[in-house]
Each structure stands twice: as C-alpha cells, then as structure tokens.
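Analysis of the macromolecular model
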Amino acid sequence: MKLVLASVLCLFFVSSALSQTPLKPPTESVMDRFFRYVKIDTQSAEDQNTVPSTRKQLNLANLLARELTALGAQGVRVSEFGIVYAVVPGNLPDNSKVPVVGFIAHMDTSPAVSGANVTPVVHKNYQGGDIVLPKDPTQVISVADNPVLKDLIGDDIITADGTTLLGSDDKAGVAEIMTTIDTLRQNPQIKHGMLAIAFTPDEEVGGGIEKFDVKGFGAQVAYTVDGETLGEISNETWSARTATVTFQGKSTHPGTAKGIMVNASYALADYLSRFPQDMLPETTEGRVGFVHPYTGTVDVEQSTLKILLRDFDTSGLDAKEKLLRDMVAQTQAKYPRVKVSIDVKENYKNMKEVLKDHPELTENAIEAAKRAGLKPYIRPIRGGTDGSDLTFRGLPTPNLFTGGQNFHGKLEFNSRRGLEKSTETLVHLVQIFGGK
Ligand SMILES: [Zn+2]
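Presented here is a report on the structure given in the accompanying data block. Predicted model only: the values in this text are computed from it and were never measured.

Strand order across the open sheet formed by four strands is β12-β13-β11-β14, with antiparallel pairing between neighbours. A single partner strand is all that each edge strand has here, and the edge strands are β12 (290–297) and β14 (339–348). Neighbour-to-neighbour, the strand axes of the sheet open up by a mean angle of 20°, direction not taken into account. Note that strand β11 (residues 239–248) and strand β13 (residues 302–311) share ten bridges and pair antiparallel. When the sheet's bridge partners are listed, Thr246 is paired in β13 with Thr304. In the packing of helix α6 (residues 264–273) onto the sheet, contacts are made with β11, β12, β13 and β14, and the angle to β13 comes to roughly 20°. Seen against the sheet, helix α7 (residues 314–334) touches β11, β12, β13 and β14 and runs at an angle of roughly 155° to β13.

Now the structure itself:
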C-alpha cells in the first residue's frame, strides 16, 4: 500500500514538474473574451461585390487589431479587405530553426440567422436533459439530436437566448487564439517560435479568403481554428465542382407557336428525372459523395440548372462529372431541338492531396490535444474550409476544433470546457513546434 502510494506521489511529481506547472492565467478568461466578441454583430451577406461584404465586420477587425497590439503582437494591420494580420514574436534562442506557425479564424457569422443583439446564456453545471432556450421555448437543444451533450455533464454550456445564433462559429476560434496569445505573454517560460495570426471576414459567403495575402502572412504552416467537437481534427475535405447545364430552346408568341416554339423547360425536367436517388445529399453521409441540383431557372427560351458535385476522391468526382455529361447526351437525344450543354468548374480540392506530404501538422495537433487531456481523432469534412484554399496556395492548413456545435442556427452552442480545452491545445501546439 505504502509502496503504491509512494509511486503514485512520485508519478504526480514527475508529471507536474514536466507538464503541469500551473500557468499564470491570461489577463482575460477565454469565456469573458468570447462573450465580448459574440455581442458584436459581424454577419456577412451573400452576393455583394465588396470584401468585406458588410462594413460591420470591421468593428470586430479594428477591435482585434487594438487588442493584438496591447498583447504585444507586432506588425498588426487591417488590410483594405478587412483581414487582420499580426505576428507574435518567438522566444527561442534561434527562432529561425522552427517553422512560423499560423493560426486563422474567421470573424463573420452566417447570413442564415441573425447575429444582432446576441445574448449568451450560461447553463451552469449541466446535469443532462434537453436545453430549452429562454426567449423562444420552441428552440430546444435535445439530447436525441445532440448526443455530444452526454459528454458535457458538469460543464457550463453556453447558448444564445433562442432569437439569434450564438456566433461560436467562429468567434470561439477568435477568442481561443487571442487567449492563447494572452497566455503566452503571461508565461514567458513557454518556449515557442514565431506565430502568424490572421482573422478573416466573409468565410461564410466564401469571398474573404481570396483576398488573403499568403506571402505577407509569413507562415510556413497554419491551422484554421474553425471546427467543432473537442478533439476533432480535419486534414481532409472533399473536392468540389459546380456544373451548370443550359437548355437552349426557342421562344415565340404562344398564339402562333405551332411548329415553331421549342420549350426548353421539358428538357430540364427530363434531365432532373435522371438523377440517381442514391447519390444525393439527402441519401448519403460519411465519405460518400453526391450530386446535388440546387437551383436553376425555368424558361421557354433558356432553362438552366446548377449542380454541386462532391467527392473525397478525384476519381469519384470525375465519375460524377461523367455521369452528368452522359445524362446531357441522353436528354439531348430525347430532345433534339433543344441545345443542351454543360459547363463544369472546379471550386476546391481535397487538402489531403497536399497535407499527406506534411504529416507533422496532423501529428503535432494530435499530440497537443492529448496533452490537453483530450482524445483526438481525425474527421474528414463534408465541406470546404478556408484552409482548403490556402493549402493549394502553398500554405498547408488543416482545421482544429473549437468546442462549438450546431453552427449557423439558433441551437448553436459551446461550453466552458470547449473554449478552455481548445485554448489549452493551442498553447501545447506552439510548444510542440517550438521544441522541434
Ligand atoms: Zn466557421
């Protein structure tokens, strides 16, 4: 018994000496920081010709720039597109021996649900069961739809009040990165190389990242901090193309149309009827891709159909494109007087194609999450990230968890542990890179 106790004590000592020396807390907790940021309305808007799509995103951008400067960051600037850039100097004897690691989060919230007057609500010491949001009892975060709740017993869960989204996507990422910088400043004993920081607008509407200055950012590797469940790391997205099928008919006055009018709508209807039912978003999940006719115009003279193609493998995506082209040929044969054509554009590619050559990015993230006491795992994303784009522009960028759930809706939530453990993971991550 004594012996066991002694060895337990000894173990405790060793581990506390190595990794559990209490850190000085940041000047502001990640929770408090998160609450301040979500109260700033930064909703982006679709179909704008400017970046940022909404001026109000600059309110948060300018605030973050001031706070970064106060936290000792250097080269802080807000670009003409509202992107915040900064550098956190390293404190190693020779910082040039380790890579400059980038952390990126987006400031905007989804156009789907209002982000104005967000009132975060803390459900302290959650003891299980469904969570009814106070300002709208029809908004319920149920255990049935959110099995992750079972892992949050005893945690303080953070939701909106039922009238807005929470904005955890991605102000959790912003707050976690800022708190990491704050923590590093309070604890110079934590050794790390130079860090590059960026906060981007318009991620939700897909315009911001095109304006990202990869070279000026200065990182050799980076992470977007924009994911979900604690421990979930994504080094793979699917690849994405968009097809536009055009059906060219001939319009004429219907009173004198006999033998002249060619109504393109029927060809479009024929084409739509050919989609395989087992290859649609509503019938697929996991690593299975899909084709998805999602919008179009119905018109006698010219009808159009837009289709999303998604697959984790290029060969699978090629096969889906071939299917759509074959369907064009079939509809064309059936409607010879309508001219049917298809145009396919590439949107983004699976970042794994590049990240497979940088295994240390995923390995270090896994190690950092383990050191934070989490059980890390890899999950391919059924979507794109800003990291997909950056990865193919020369900056390998996998995605890290933020603790958030139910993005883009009123049922969005995060938790105290979600915010704190995500931050802790980032602090470990910079140490791991610093130690190599
Ligand atoms: Zn996001």
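The three strands lie next to each other as β4-β7-β17, forming an open sheet whose pairing is antiparallel. Of all strands in the sheet, those with a lone pairing partner are β4 (121–123) and β17 (413–415), marking the two edges. Strand after strand, the sheet turns through a mean of 30° between neighbouring axes, direction not considered. When β4 meets strand β7 (residues 157–159), the two strands line up antiparallel, connected through three bridges.

This part covers the coordination of the zinc ion. Donor atoms from the polypeptide that coordinate the zinc ion comprise His106 (NE2), Asp169 (OD), Asp226 (OD) and Asp226 (OD), at 1.9 to 2.7 Å from the metal. Taken together, the four donor atoms coordinating the zinc ion and their angles of 52 to 147° define a geometry best described as irregular. Going along the chain, you hit the donors of the zinc ion in the pattern H-x62-D-x56-D. Of the two residues, Asp169 sits in helix α4 (residues 168–186) while Asp226 sits in the loop between β9 (221–225) and β10 (232–234), which places them 57 residues apart along the sequence. For Asp226, a relative accessible area of 14% puts it in the buried group.

Scoring rules and cut-offs
- Residues numbered from 1 in each chain as written.
- Predicted model: local features only at pLDDT ≥ 70, side-chain atom pairs only at ≥ 80, totals over all residues.
- Heavy atoms only, no water.
- Pairing = 2+ DSSP bridges.
- Helix = DSSP H or I, 4+ residues; strand = E, 2+ residues; numbered from the N terminus.
- Axes fitted to C-alpha atoms, helices over the stretch in contact; angles between N-to-C directions.
- Contact = heavy atoms within 4.5 Å.
- Donors = N, O, S within 2.8 Å, 3.2 Å for Na, K, Ca; no water.
- Tetrahedral: all angles 85-135°; square planar, octahedral: opposite > 155°, others 65-115°.
- Buried < 20%, exposed > 50% of the residue type's maximum accessible area, 1.4 Å probe, protein only.

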